[in-house]
There are 2 protein chains.
Amino acid sequence: MTTETSTGVTAGPAAPTSSAQVALRPVAPGAATITGGVWHARAEANRTRTIPAGAELLRTAHNLVNLEIAAGTAEGEAVGPIFADSDVYKWLEAAAWEYGRSGGEDLLATQHEIAELLTRAQAEDGYLNSVVQLREHERYRNLPWSHEHYCAGHLIQAAVAHARTTGGRELLDVATKVADHLVATFGPGKTEDVDGHPVIEMALVELYRETGTRAYLDLARWFVDARGHGIIEGHGHAPTYFSDRVPVREATTVEGHAVRAVYLAAGAADVAAETGDTELLAALQRQYDSMERTKQYLTGGLGARWEGESFGDPYELPNDRAYAETCAAIGGVQWAWRMLLATGEARYADQIERMLLNGVLSGISLDGTEFFYVNPLQLRSDAHPEGDRSPAHGRRGWFECACCPPNVMRTLSSLAGYLATTGQDTSGNPAVQIHQYAPGSVSGAGLDLDVETAYPWDGGVRVTVRRAPEGPVTLALRVPGWAEGATLHGEPVPAGQYASVTRTWSTGDAVTLDLPMSPRFTVADDRVDAARGCVALERGPLVYALEAADQPDGVVVDDVRVDPGSAVTAEHREDLLGGVTVLRLRGHQGSAPPSDARSPYATAGTREHATRGEAVTLTAIPYHVWANRGPQPMRVWLPVVEH
Amino acid sequence: MTTETSTGVTAGPAAPTSSAQVALRPVAPGAATITGGVWHARAEANRTRTIPAGAELLRTAHNLVNLEIAAGTAEGEAVGPIFADSDVYKWLEAAAWEYGRSGGEDLLATQHEIAELLTRAQAEDGYLNSVVQLREHERYRNLPWSHEHYCAGHLIQAAVAHARTTGGRELLDVATKVADHLVATFGPGKTEDVDGHPVIEMALVELYRETGTRAYLDLARWFVDARGHGIIEGHGHAPTYFSDRVPVREATTVEGHAVRAVYLAAGAADVAAETGDTELLAALQRQYDSMERTKQYLTGGLGARWEGESFGDPYELPNDRAYAETCAAIGGVQWAWRMLLATGEARYADQIERMLLNGVLSGISLDGTEFFYVNPLQLRSDAHPEGDRSPAHGRRGWFECACCPPNVMRTLSSLAGYLATTGQDTSGNPAVQIHQYAPGSVSGAGLDLDVETAYPWDGGVRVTVRRAPEGPVTLALRVPGWAEGATLHGEPVPAGQYASVTRTWSTGDAVTLDLPMSPRFTVADDRVDAARGCVALERGPLVYALEAADQPDGVVVDDVRVDPGSAVTAEHREDLLGGVTVLRLRGHQGSAPPSDARSPYATAGTREHATRGEAVTLTAIPYHVWANRGPQPMRVWLPVVEH
């Protein structure tokens, strides 16, 4: 399953070429594996339930049928949104990574079937978009909304994944014909439009990496730079929405539609890496800083606003109406991964972990059958479901706009690619970095390593050498930013950077990292309205939440208060929610709104608010498993008792 | 200018027939006047600037041209939204009330011109909608979005206002032809659809009041009851948006699009009053209670969400992203007015005052030339304007969807109608109630009264008898709910009800009400996230706000803290913002977010938040005058210092 590609480029989501100016490089597909724990369980549910159900849904929701009609193997009319093809491509990418992860000839056969279908559906000149072809729309007539480049981008990503995990070229042939058509059609002196939804930028760079065709990289760079001049005007949203208000090189923050913004940034990071464009990389660092400092939820969630699925103003981070689209957190991971490769800074690996284990993982049910599009940090009592994306409905099997489900699928099937990288240490020794901790194996810089850990439930990580090269190699282990007091072999190591050991290794050598797993109370900046006077609970990399089901009878989650001075105890509950560590803390039932109150407002001092009512023991669960027992009141930020 | 109509129905917005089951009745148009103070200044700006500019804008924005084309007096195509006619009608209603208020032959002439235009544009069978007529749309083909009944409703309201203030019938003739056409087309056994946007219900009841034609009332009742069965499906929003999820009689709260919801409720209240339907009235009281208790801003603003311009869940009341559409507060006034007439309860007059003086009045600039569509309770530093409704732009001269500006115009020109009512006291004596305080005059129950006051800046109100009938008459003065400690002639009177004097009056008799005008700190229920740990400042009926322009150098409004234990002083500043009383209080500059912070989150205890930084004197202005010096940071809810 571990296939080295012809260019020597080797693995995972985003794999810079050997000439790219990056600090770190991915390990080869299959060179990192996850064999147990949280991620393994989720990946297995993805394999056994989510991906098979996705294939069915792509048929019943007509996505595959559209392509069959375009291929001439079925009859009828296109059904579904203009971007219907992209769901097929994201599923196809998931299937490709999954084949790389776990094999399965059926899965390979389905990929071949779809590749065959796409080959037939593709126009002579390389154009391929079933909905546009079937509805006899003029190509690129309405690029701000037609998602034609967006669909092409997802096709290319699927084809690259397929090539990297199966070695098969048939999808890559379709994808390169699409890309050649784009190169012939778009760019300076040709059609100078950009798609309303980025992703083509990342895709073209990956295709350049896979094929070595420089024109793909050049077009990606052109798309990055053509954007941001307000060329998408008068399409129902301001240019901001389309990431088209400010050029990427000049932007100081992220704004507009969150998924569009982070996909564009990830593609720009790819361009910066492959072209050695340090100015562009610096601009992206600035934007990432701003996002993380002012526009990201504690869960890693991105995009505060339902209106336009967009980033809000700085510090505008409501809990109940957090949009925090699952796709945006996935795009955030993709961007952070590229920043990690480019800079080698541990903070980006911290970010990947925060997003994956909280804001992405909350997007799919434990059994892999239902999804959240929107990932709020609070669901109130009496919340009314409004539209199919509303969390008040609970999770849903699919969505009319079905971008999130196959995005989760491709993420869960390619997770191992985010575990480790290789590079050189400052002395020029080969080095392998382990960024994310899960039981399994990592191979890199000549070392074959076994990883034993019960992380994220336990903070102990033991890395054992199975095979070692001659000469010194550096093994670098990320110490997360929250892990103050971490030790390596019992010696303190600083948080927020890599703890390294450089030596000549022998089989059986082991390194033991201990990360402190004491529960932490977290506070937010005062400008974050909905978290003012509140604390959140974290333990290790996990954000916790109170969900109604776990609280004593009579406790109303909307009204509780907690005392951050009280002790918090952790207990692992193998029987609960697939096996989770819960946190117990003392709190107080606050006053519910008086039933006879005419308004929620009162002159100070005239209405009693018992913020320290009856003492109760509250139980918090990891945020990412909420809403697996039906929709119910939940909250991450907890008001503190007044002293 | 004071014209008694043929039915004996006499005044203002919503005037129940003599057979209606209501506690209170409006006074005749012109029987209440406002001759000075805040409302007079605003009404004068409306007369001299807003209404004339509106007439121009209706031409440049093509609304009038559409009607001219439909009338055959111009050529071309319809331009603008499907509901373009409604802006003309709302302007026409404003012109009619304004003529009733201040006269002006030009204003009357323009009304006649438009009436003539409408007569020509109207189809033989009574149908009238220029956009549908010009775009050759099939009538009522897309009633959820076509706003055909909505436009008809605003035409009818304009015609009724025109008839009541000028005595002229020509607009009423057009309106009755429209209404007859609706009666012939809609209802049980005919077309059983409802419009996507209520207002026709209120309008038909008013037309019934004006003409005595029972069929109009019957159709209004049918429209009220036909709604709420999910008949509007598959039109881009759930039935909730269209107030079509739950029948009015069964609903326990307000939900969906805020303007639609409150317009429907106001129309249902009209139906309940005219048909003596106590079950319907009880349902509306229940819904009003729920709205006021859980879904209304301190400013009276209605509709928490930008998404769908809708009400949120209970206690979901963000400050920065408050939508609080100007039109929704106006609709709230219309609903509260009908509840006041039906029940005689002072709480509804309190509500009218809160909405008018805060959430409605904030919708127009002091000079009458610019508007807010959206009325948030906070504007942050670095807020980015997104779309023409964004408060971060500052006020705007007009909007693509121009519902709010002419709605403000018709409200400002008809304000005096909300001042007073008549009825009987519990002993059967004739009674006049004064609900709102402004310098001017009130006539009712045989009493002619002069009102002297500097309210809302000063709490003294002196009512002097100019003319009195024989026999005892009750004079009832509203003591607002906030006015604990109010006195009538020096004797304490309870807040939240009417203080009454029953006697035989003589010319020169006077009653003096003193309302306490001490500034108040107001707190919100704990469930209101964005107000937790905060206070707001109120004085009299006014909500106050901190705006950046009034604060000492270096004070960042986003970061201040106030001490609710400190004294607040009031000072009237005739030179400021048209003359306002400002409030001064001690506060502290809190910490800005650390410039080197990587995220807004930190483990409790690891980052210092100086909530009691440098002591500063802060100045608050009435919320309704904010953004008259350009857009800038502003906030109503102020975090308190920690002790």
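Below is a short write-up of the structure. No experiment lies behind these values; they were computed from the predicted model shown.

1. Let's talk about the overall build of chain A
Across its full length, chain A carries 15 helices and 23 strands. The globule rule puts the C-alpha radius of gyration for 643 residues at 26 Å, and the 24 Å found for chain A is close to it. Based on the C-alpha atoms only, the size of chain A along its principal axes is roughly 75 × 65 × 45 Å. Within chain A, buried positions represent 66% of all 643 residues. Across chain A, contacts joining residues at least 24 apart in sequence account for 69% of those joining residues at least 6 apart. For chain A, the accessible area works out to roughly 20500 Å², and carbon and sulfur atoms hold 47% of it. In chain A, the 53 positive side-chain charges and the 82 negative ones have mean positions that sit 3 Å from each other.

2. Description of the packing of aromatic side chains
Considering all chains together, one arrives at 32 aromatic pairs over all chains under this definition. Centroid distance B:Y323 to B:Y373: 6.1 Å. Interplanar angle 70°. Geometry classified as edge-to-face. Here B:Y323 is found in the loop between helix 12 (278–294) and helix 13 (326–343), whereas its partner B:Y373 is found in the loop between helix 14 (346–360) and strand 3 (378–379), with 50 residues between them in sequence. For the pair shown, B:Y323 and B:Y373 are each scored as buried. Aromatic rings pair up to connect A:Y127, A:Y140, A:F186, A:W222 and A:F223 into one cluster. For the cation-ring pair, A:R347 lies above A:Y348, with the distance from its terminal atom to the ring centre recorded as 4.9 Å. A cation over a ring is seen here: B:R503 above B:W505, with NZ or CZ 4.8 Å from the ring centre.

3. Quick word on the interface of chain B and chain A
Accessible area lost on assembly of the parts is the figure often given for the size of an interface. Every contact between the two is made by 64 residues of chain B and, on the other side, 63 residues of chain A. Carbon and sulfur atoms make up 48% of the surface buried where chain B meets chain A, a total of about 5700 Å² over both sides. The tally of links from chain B across to chain A stands at eight salt bridges. A:R527 is the partner of B:D559 in a salt bridge, and the nearest nitrogen-oxygen pair spans 2.7 Å. Counting every contact that joins chain B to chain A gives 27 residue pairs in polar contact (both at pLDDT 80 or more). Of all the secondary structure elements, the ones that give two or more residues to the side of chain B that touches chain A are helix 12, strand 14 (520–524) and strand 20 (601–603) of chain B. Take the side of chain B that touches chain A: its biggest share by element is five residues, from strand 14 of chain B.

4. Things to note about the relation of the copies chain B and chain A
Here two copies of a chain appear, and what relates them is a rotation about an axis with a shift along it. When chain B is fitted to chain A, the residual RMSD is 0.0 Å, and the transformation amounts to a turn of 180° plus an axial shift of 0.0 Å. In short, the pair behaves as if placed about a two-fold rotation axis. Both copies present the same face, since 98% of the interface residues in chain B are matched by interface residues at the equivalent positions in chain A.

5. Focus on the sheet that holds strand 10 (residues 487–488) of chain A
All names here are of chain A. Ordered in space as 2-6-7-8-13-10-11, the seven strands form an open sheet in which the pairing is antiparallel. The sheet is open, and its two borders are formed by strand 2 (32–34) and strand 11 (491–492), each paired with just one other strand. In this structure, strand 10 lies alongside strand 13 (residues 510–514), joined through two bridges in antiparallel fashion. Pairing of L488 across the sheet is with L513, part of strand 13.

6. Looking at the nonpolar core
When a protein is soluble and globular, its nonpolar side chains tend to lie buried together. Formed by 216 residues in total, the largest nonpolar core has its most connected members in B:L118, B:W335, B:V636 and B:W637. Setting aside residues no more than four positions away along its own chain, B:W637 makes contact with A:Y601, B:L298, B:N319, B:L377, B:T522, B:V523, B:A524, B:A530, B:A531, B:C534, B:V535 and B:A536. Counting residues in each nonpolar core, the second largest holds 215 residues, with A:Y348, A:I364, A:F372 and A:F399 among its members.

7. Quick word on the pattern of salt bridges
Tallied over the entire structure, the rule returns 84 salt bridges over all chains. Close ionic contact of B:D448 with B:R467 constitutes a salt bridge, the shortest N to O distance being 2.8 Å. Pair noted here: B:D448 is in strand 7 (residues 447–453) and B:R467 is in strand 8 (residues 460–467), with a separation of 19 residues, a long-range link. A relative accessible area of 13% places B:D448 in the buried class. B:R629 is the partner of B:E547 in a salt bridge, and the nearest nitrogen-oxygen pair spans 2.8 Å. Remark: B:R629 occurs in the loop between strand 21 (615–622) and strand 22 (634–635) and B:E547 occurs in strand 16 (residues 542–547); sequence separation between them is 82 residues. Given the relative accessible area of 0%, B:E547 is considered buried. The partly exposed category is assigned to B:R629, whose relative accessible area is 32%. Look at the salt bridges and you will find they share partners, linking A:R164, A:E206, A:R209, A:E210, A:D270, A:E274 and A:R338 into a network.

8. Re the packing of helix 1 (residues 37–60) of chain A against helix 15 (residues 404–413) of chain A
Residues and elements named next belong to chain A. Axis separation between helix 1 and helix 15 bottoms out at 9 Å; the angle between their running directions is 135°. The orientation of helix 1 with respect to helix 15, classified from their angle, is oblique. Between helix 1 and helix 15 the crossing geometry is left-handed. Contact residues: W39, R42, A43, N46, T50, I51 and G54 in helix 1; M409, L412 and S413 in helix 15. Split by residue class, the contact of helix 1 with helix 15 holds five nonpolar, four polar and one charged.

9. Remarks on the pairing of strand 5 (residues 430–434) of chain B
Residues and elements named next belong to chain B. The buried fraction of strand 5 amounts to four of the five residues, a majority that puts the element mostly inside the structure. Pairing of strand 4 (residues 420–424) with strand 5, which is carried by five bridges, proceeds in the antiparallel orientation. Paired with A420 across the two strands is I434, which belongs to strand 5. In sequence, strand 4 turns back onto strand 5 through a hairpin of five residues, with G428 there showing a positive phi of about 90°. Of the pairings in the sheet, the one linking strand 5 to strand 9 (residues 472–479) comprises four bridges and is parallel in character. For Q433, the partnering residue across the bridge sits in strand 9 and is A476.

The rules we used
Residues numbered from 1 in each chain as written. Chains lettered and ligands numbered in written order. Predicted model: local features only at pLDDT ≥ 70, side-chain atom pairs only at ≥ 80, totals over all residues. Heavy atoms only, no water. Helix = DSSP H or I, 4+ residues; strand = E, 2+ residues; numbered from the N terminus. Rg over C-alpha atoms; globule rule 2.2 N^0.38 Å. Buried < 20%, exposed > 50% of the residue type's maximum accessible area, 1.4 Å probe, protein only. Contact = heavy atoms within 4.5 Å. Areas by Shrake-Rupley, 256 points an atom, 1.4 Å probe, with all protein chains shown as cover. Lys, Arg positive; Asp, Glu negative; His and termini not counted. Charge placed at Lys NZ, Arg CZ, Asp CG, Glu CD. Phe/Tyr/Trp six-rings, centres within 6.5 Å; stacked < 30°, edge-to-face > 60°. Lys NZ or Arg CZ within 6 Å of the ring centre and 35° of its normal. Buried area = accessible area lost by both parts, 1.4 Å probe. Salt bridge = Lys/Arg side-chain N within 4 Å of Asp/Glu carboxyl O. Polar contact = N/O pair within 3.5 Å; in protein donor to acceptor, adjacent residues only side chain to side chain. Least-squares fit on C-alpha atoms with pLDDT ≥ 70 in both. Pairing = 2+ DSSP bridges. Core = buried A, V, L, I, M, F, W, Y, C linked by side-chain atoms within 4.5 Å. Axes fitted to C-alpha atoms, helices over the stretch in contact; angles between N-to-C directions. Parallel < 35°, antiparallel > 145°, perpendicular 65-115°, else oblique. Left-handed = near helix turned anticlockwise from the far one by under 90°. Nonpolar A, V, L, I, M, F, W, Y, C, P; charged D, E, K, R; others polar.

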